[in-house]
Amino acid sequence: MSETTTTNGIRITVKPSFVANQSNPQKGLFIYTYHICIENCSSDIVRLMSRYWRITDSQGRSKEVEGDGVIGKQPVLYPEARYEYESWAPLATEIGTMSGYFVMLRLKDNSTFKAQIPQFPLVPDYRMN
(Lines give C-alpha, C1' and ligand atoms only; values in the text may rest on other atoms or scores of the structure.)
Protein backbone atom coordinates (compact mmCIF):
# COMPACT_ATOMS: atom_id res chain seq x y z
CA MET A 1 0.00 0.00 0.00
CA SER A 2 1.35 3.44 -0.89
CA GLU A 3 0.29 7.00 -0.12
CA THR A 4 0.69 9.99 -2.46
CA THR A 5 0.35 13.75 -2.16
CA THR A 6 1.25 16.71 -4.41
CA THR A 7 2.35 20.19 -3.31
CA ASN A 8 3.26 22.91 -5.84
CA GLY A 9 3.79 20.28 -8.52
CA ILE A 10 6.00 18.03 -6.37
CA ARG A 11 4.41 14.58 -6.09
CA ILE A 12 5.59 12.43 -3.20
CA THR A 13 4.72 8.75 -2.97
CA VAL A 14 5.61 6.65 0.08
CA LYS A 15 5.51 2.87 0.43
CA PRO A 16 6.32 1.52 3.92
CA SER A 17 7.29 -2.07 4.80
CA PHE A 18 7.70 -3.91 8.08
CA VAL A 19 11.08 -5.64 8.50
CA ALA A 20 10.35 -8.67 10.64
CA ASN A 21 13.86 -10.13 10.62
CA GLN A 22 15.36 -6.93 12.11
CA SER A 23 12.57 -6.33 14.62
CA ASN A 24 12.50 -7.62 18.19
CA PRO A 25 8.92 -7.41 19.54
CA GLN A 26 9.93 -8.79 22.97
CA LYS A 27 12.20 -5.75 23.39
CA GLY A 28 9.72 -3.26 21.91
CA LEU A 29 11.62 -2.78 18.65
CA PHE A 30 9.71 -2.71 15.37
CA ILE A 31 11.69 -1.75 12.26
CA TYR A 32 10.07 -0.23 9.19
CA THR A 33 11.59 0.75 5.87
CA TYR A 34 9.98 3.22 3.54
CA HIS A 35 10.49 3.85 -0.15
CA ILE A 36 10.09 7.48 -1.25
CA CYS A 37 9.54 8.65 -4.81
CA ILE A 38 9.72 12.42 -5.41
CA GLU A 39 8.49 13.53 -8.85
CA ASN A 40 8.79 17.05 -10.20
CA CYS A 41 5.53 17.65 -12.08
CA SER A 42 6.12 21.42 -12.16
CA SER A 43 7.94 23.57 -14.71
CA ASP A 44 10.50 24.71 -12.11
CA ILE A 45 13.90 23.25 -11.31
CA VAL A 46 13.95 22.47 -7.59
CA ARG A 47 16.45 21.23 -5.01
CA LEU A 48 15.50 19.22 -1.94
CA MET A 49 17.13 21.13 0.91
CA SER A 50 15.93 19.44 4.11
CA ARG A 51 13.45 17.04 5.64
CA TYR A 52 11.16 16.91 8.64
CA TRP A 53 9.52 13.75 9.99
CA ARG A 54 7.08 13.10 12.81
CA ILE A 55 7.06 9.45 13.85
CA THR A 56 4.21 8.52 16.19
CA ASP A 57 3.65 5.17 17.87
CA SER A 58 0.30 3.67 18.91
CA GLN A 59 0.68 5.04 22.45
CA GLY A 60 0.78 8.60 21.10
CA ARG A 61 4.51 9.14 21.66
CA SER A 62 6.08 11.20 18.88
CA LYS A 63 9.63 11.69 17.74
CA GLU A 64 10.67 14.49 15.39
CA VAL A 65 13.56 14.09 12.96
CA GLU A 66 14.99 17.04 11.01
CA GLY A 67 18.06 17.43 8.86
CA ASP A 68 19.65 18.52 5.63
CA GLY A 69 18.76 16.58 2.51
CA VAL A 70 17.85 12.90 2.46
CA ILE A 71 20.33 10.08 3.03
CA GLY A 72 23.13 12.64 2.80
CA LYS A 73 22.02 14.15 -0.53
CA GLN A 74 20.29 17.31 -1.71
CA PRO A 75 19.09 16.25 -5.15
CA VAL A 76 18.15 18.68 -7.92
CA LEU A 77 15.01 17.75 -9.81
CA TYR A 78 14.40 19.14 -13.27
CA PRO A 79 10.86 19.19 -14.66
CA GLU A 80 9.54 15.63 -15.15
CA ALA A 81 12.47 14.18 -13.18
CA ARG A 82 12.13 11.86 -10.21
CA TYR A 83 14.31 10.94 -7.26
CA GLU A 84 13.87 7.76 -5.25
CA TYR A 85 15.44 6.53 -2.04
CA GLU A 86 14.86 4.17 0.86
CA SER A 87 15.32 4.73 4.55
CA TRP A 88 14.09 3.24 7.79
CA ALA A 89 12.63 4.08 11.17
CA PRO A 90 12.40 2.22 14.48
CA LEU A 91 9.15 2.15 16.42
CA ALA A 92 8.56 1.16 20.06
CA THR A 93 5.12 -0.27 19.31
CA GLU A 94 3.87 -2.57 16.59
CA ILE A 95 1.76 0.12 14.89
CA GLY A 96 2.30 3.82 14.23
CA THR A 97 2.36 6.56 11.63
CA MET A 98 4.82 8.86 9.90
CA SER A 99 4.29 12.22 8.23
CA GLY A 100 6.33 15.26 7.37
CA TYR A 101 7.63 17.47 4.59
CA PHE A 102 10.61 18.29 2.41
CA VAL A 103 11.80 21.88 2.13
CA MET A 104 12.22 22.53 -1.60
CA LEU A 105 14.18 25.43 -3.16
CA ARG A 106 13.12 26.86 -6.53
CA LEU A 107 16.39 27.60 -8.32
CA LYS A 108 14.92 30.37 -10.54
CA ASP A 109 14.21 32.74 -7.62
CA ASN A 110 15.60 31.02 -4.48
CA SER A 111 12.12 30.78 -2.94
CA THR A 112 11.30 27.80 -0.75
CA PHE A 113 8.20 25.81 0.02
CA LYS A 114 7.26 22.73 2.03
CA ALA A 115 6.34 19.71 -0.09
CA GLN A 116 4.07 17.69 2.17
CA ILE A 117 4.79 14.01 2.69
CA PRO A 118 1.52 12.13 3.10
CA GLN A 119 0.87 10.57 6.47
CA PHE A 120 1.31 6.84 6.14
CA PRO A 121 0.65 3.90 8.44
CA LEU A 122 3.38 1.71 9.94
CA VAL A 123 1.60 -1.61 10.26
CA PRO A 124 3.03 -5.13 9.86
CA ASP A 125 1.67 -7.07 6.89
CA TYR A 126 0.21 -9.75 9.18
CA ARG A 127 -2.03 -7.08 10.83
CA MET A 128 -3.42 -5.93 7.46
CA ASN A 129 -5.37 -9.16 6.80
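Above this text is the structure in question.
The notes below deal with the structure included here. Here the structure is a predicted model, which is why all the values come from computation and not from measurement. (Residues numbered from 1 in each chain as written. Predicted model: local features only at pLDDT ≥ 70, side-chain atom pairs only at ≥ 80, totals over all residues. Heavy atoms only, no water.)

Things to note about the side chain of Asn40
So, step 1. Tracing the backbone shows Asn40 in strand 3 (residues 30-40).
So, step 2. On the basis of relative accessible area, Asn40 is assigned to the buried category, the value being 1%.
So, step 3. In this structure the side chain of Asn40 is engaged in a polar contact, spanning 2.7 Å, whose partner is the backbone oxygen of Asp44.
So, step 4. Excluding residues within four positions of it along the chain, Asn40 makes contact with Gly9, Ile10, Ile45, Val46, Leu77, Tyr78, Pro79, Glu80 and Ala81. (Helix = DSSP H or I, 4+ residues; strand = E, 2+ residues; numbered from the N terminus. Buried < 20%, exposed > 50% of the residue type's maximum accessible area, 1.4 Å probe, protein only. Polar contact = N/O pair within 3.5 Å; in protein donor to acceptor, adjacent residues only side chain to side chain. Contact = heavy atoms within 4.5 Å.)

Considering the nonpolar core
What tends to happen in soluble globular proteins is that the nonpolar side chains get buried as a cluster.
So, step 1. Counting residues in each nonpolar core, the largest one holds 27 residues, and the members touching the most others are Ile12, Tyr34, Ile36, Ile38, Tyr85 and Phe102.
So, step 2. Taken together, the elements giving at least two residues each to this core come down to strand 2 (10-18), strand 3, strand 4 (46-57), strand 7 (82-91), strand 8 (96-106) and strand 9 (112-122).
So, step 3. For Phe102, the contacting residues outside a window of four places in its chain are Ile12, Ile36, Ile38, Leu48, Ser50, Arg51, Val70, Tyr85, Phe113, Lys114, Ala115 and Ile117. (Core = buried A, V, L, I, M, F, W, Y, C linked by side-chain atoms within 4.5 Å.)

Things to note about unusual backbone geometry
So, step 1. Of note in the backbone geometry, Ile71 takes a positive phi value of approximately 40 degrees without being a glycine.
So, step 2. Assignment of secondary structure puts Ile71 in the loop between strand 5 (62-68) and strand 6 (76-77).
So, step 3. Residue classification places Ile71 among the partly exposed residues on the basis of a relative accessible area of 47%.
So, step 4. The phi angle at Asn110 is positive, at roughly 60 degrees, despite the residue not being glycine.
So, step 5. Secondary-structure assignment places Asn110 in the loop between strand 8 and strand 9.
So, step 6. A relative accessible area of 57% means that Asn110 is categorised as exposed.

Details of the sheet that holds strand 3
So, step 1. Strand order in the open sheet formed by four strands is 1-2-3-7, and the pairing between neighbours is antiparallel. Strands at the two margins of the open sheet, each flanked by one partner only, are strand 1 (3-7) and strand 7. Each strand axis lies, on average, 20 degrees off the axis of its neighbour in the sheet, ignoring direction.
So, step 2. Across 10 bridges, the pairing between strand 3 and strand 7 is antiparallel. In the strand pairing of strand 7, Ile38 is matched with Tyr83. (Pairing = 2+ DSSP bridges. Axes fitted to C-alpha atoms, helices over the stretch in contact; angles between N-to-C directions.)

A closer look at the pairing of strand 9
So, step 1. Direction of pairing for strand 8 relative to strand 9: antiparallel, over a ladder of nine bridges. Paired with Met104 across the bridge in strand 9 is Phe113.
So, step 2. Counting the residues between successive antiparallel strands, the hairpin from strand 8 to strand 9 contains five residues, one of them, Asn110, with a positive phi of roughly 60 degrees.

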